[in-house]
Amino acid sequence: MSFEDYSGVWVFIEVKDGEVVPVSLELLGAGKELADKRGTELAGVLIGENVTHLADTLYEYGADTVYVYDDTIFKNYRTESYMKALLECCQKHKPEVILYGATSTGKDLASAVATDLPTGLTADSTILDIEEDTGLLLASRPAFGGNIMATILCKKYRPQMATVRPKVMKALTPEPGRIGQLIEETASIKEEDIRTKVLEIVQFTTQKVRIDEADIVVAGGKGLGSEKGFQVVHDLAETLGGAVGASRDVVEAGWVEHHHQVGQTGLTVTPKIYFAIGISGAIQHIVGMQNSGLIIAINNDPEAAIFQSSHYGIVGDAFEIVPLLIQQFKQAFNGEVVDHV
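Notes on the structure follow. As the structure is a prediction and not an experimental result, all values here were calculated from the model. (Residues numbered from 1 in each chain as written. Predicted model: local features only at pLDDT ≥ 70, side-chain atom pairs only at ≥ 80, totals over all residues. Heavy atoms only, no water.)

## Section: the sheet that holds strand β12 (residues 181-184)
As summarised here, the arrangement of the seven strands in space is β7-β11-β6-β1-β4-β5-β12, forming an open sheet in which the pairing is parallel. A single partner strand is all that each edge strand has here, and the edge strands are β7 (121-125) and β12. The average undirected angle you get between the axes of adjacent strands in this sheet is 20°. Here strand β4 (residues 42-48) runs beside strand β5 (residues 65-70); their pairing, made up of six bridges, is parallel. The residue bridging Gly48 from the neighbouring strand is Asp70, located in β5. (Pairing = 2+ DSSP bridges. Helix = DSSP H or I, 4+ residues; strand = E, 2+ residues; numbered from the N terminus. Axes fitted to C-alpha atoms, helices over the stretch in contact; angles between N-to-C directions.)

## A closer look at the packing of helix α3 (residues 79-93) against helix α4 (residues 104-116)
At a minimum axis separation of 10 Å, α3 and α4 run at an interaxial angle of 55°. Classified by the angle between their axes, α3 and α4 sit oblique to one another. Between α3 and α4 lies a crossing whose hand is right-handed. In this structure, α3 uses Thr79, Tyr82, Met83, Leu86 and Leu87 to contact α4, whose residues at the interface are Asp108, Leu109, Ala112, Val113 and Asp116. Per-class residue counts for the contact of α3 with α4 are seven nonpolar, one polar and two charged. (Parallel < 35°, antiparallel > 145°, perpendicular 65-115°, else oblique. Left-handed = near helix turned anticlockwise from the far one by under 90°. Contact = heavy atoms within 4.5 Å. Nonpolar A, V, L, I, M, F, W, Y, C, P; charged D, E, K, R; others polar.)

## Considering the sheet that holds strand β8 (residues 127-130)
Pairing is antiparallel across the open sheet formed by three strands, whose spatial order is β8-β9-β10. Taken across any chain shown, the strands that pair with only one partner, and hence form the sheet edges, are β8 and β10 (148-152). Taken pair by pair, the neighbouring strands of this sheet meet at an average axis angle of 25°, ignoring direction. Summarising the sheet, strand β9 (residues 137-143) and β10 pair through five bridges and their orientation is antiparallel. Looking at β10, one finds that Ala139 is bridged to Ile152.

## Remarks on the side chain of Thr163
Tracing the backbone through its elements, the reader meets Thr163 in strand β11 (residues 160-164). There is a polar contact of 2.9 Å between the side chain of Thr163 and the backbone nitrogen of Asp124. Apart from residues no more than four positions distant in its own chain, Thr163 is found in contact with Tyr100, Gly101, Ala102, Gly106, Lys107, Ala110, Leu121, Thr122, Ala123, Asp124 and Ser125. (Polar contact = N/O pair within 3.5 Å; in protein donor to acceptor, adjacent residues only side chain to side chain.)

## A look at the packing of helix α5 (residues 231-240) against helix α8 (residues 318-332)
Relative to each other, α5 and α8 sit at 15°, their axes nearing to 10 Å. Classified by the angle their axes make, α5 and α8 are roughly parallel. At the point where α5 passes α8, the crossing takes the left-handed sense. Counting all contacts with α5, which are made through Val232, Asp235, Leu236, Thr239 and Leu240, the residues of α8 involved are Phe319, Val322, Ile326, Phe329 and Lys330.

## Some details on the pairing of β5
With respect to burial, β5 is a largely interior element, five of its six residues being buried. Crossover handedness for the path β4 to helix α2 (residues 55-60) to β5: right-handed. Here β5 runs beside β12; their pairing, made up of four bridges, is parallel. Across the sheet, the residue bridging to Val66 is Leu182, located in β12. (Buried < 20%, exposed > 50% of the residue type's maximum accessible area, 1.4 Å probe, protein only. Right-handed = clockwise from strand over helix to strand, strands pointing away.)

## Things to note about the nonpolar core
Counting residues in each nonpolar core, the largest one holds 33 residues, and the members touching the most others are Leu28, Leu46, Leu58, Leu99 and Leu128. Ranked by residues supplied to this core, first place goes to helix α1 (residues 22-38) with seven residues. With residues near it in sequence (within four places) discarded, Leu28 still touches Val11, Ile13, Leu42, Leu58, Tyr61 and Ala63. Counting residues in hydrophobic clusters, the runner-up holds 27 residues, among them Val45, Cys89, Ala112 and Ala114. (Core = buried A, V, L, I, M, F, W, Y, C linked by side-chain atoms within 4.5 Å.)

## Comments concerning the environment of Lys94
Among the structural elements, Lys94 can be located in the loop between α3 and β6 (97-101). Since its relative accessible area comes to 27%, Lys94 is described here as partly exposed. For Lys94 and Glu4, which are 90 residues apart along the polypeptide, the C-alpha to C-alpha distance reads 9.9 Å. Other than its neighbours up to four places away in sequence, Lys94 contacts Asp5, Tyr6, Ser7 and Cys89. A distance of 3.1 Å separates the side chain of Lys94 from the backbone oxygen of Gln91, its partner in a polar contact.

## Some points on the side chain of Gln261
Within the secondary structure, Gln261 sits in the loop between α6 (248-252) and β15 (273-277). Residue contacts for Gln261: discarding those within four places in its chain leaves Ala246, Ser247, Arg248, Val251, Gly266 and Leu267.

Below is the structure:
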């Protein structure tokens, strides 16, 4: 394998309900920094049905080139069809780096592509960098239960690949009217070659406010003592029209379901306001909420690590403090529970 044959930074562009998934725009921002360091181009790989028009959005967010596979066979995500298209594109154009969002689709596709190329894959990266002279991708992620950050290298194979958690990177400010190169590709796979058939797609809502989209997240930890004690988190979240978050210990104890979990093994959130109530501040939780706009911690231990990552800290009994906050917020809202703040 000659590394000189590989160049360019690619981002797999995930599409849902006809729109580009936000993490793909975030990765274009991260990819642009890597591409500029290497003096190469940033490309997006767009796969789906009736998706070509989305290329204009990708140019505005930093893409220089967009490779597009637009066909009815790609109407719904299936590993076989998307993998075949991306593999053929890789073998034809030879990118140096490919980035994917660490979504269910991105993780499934990335692992399949890595197996067939073959090459390495760093999962759930939170920091990306690249060596300007060698092009070696430096993909860092929490390891050993979140106690250290490990930087993973792929020295022997190309392309280098990584999945990146949503909300970790920052999208560029869009540049209206920016243009790029559109390259329309055709995959060789046919419908009869695909073993998986989509019979029906059932959509349902698991919670009133999605935690990864909420402007306000109220999260609680094991410091609240019990599922009954955790109710103060629900009460404050309901008052503020926010989403309920939780530490891993709370989820493992069965107080709330997994889709509330914030942290390394849960979701990464970046709300405008994040309340951390009875949360100690373990690194595996911090990595999931450290980029929040305003972090307010409530803990009865003045030495709790969470205070090191907070903008404001309140030392005291959450069962005394939270009801007072709820009372004050309700007075400010004229006694009404709000839909949002």
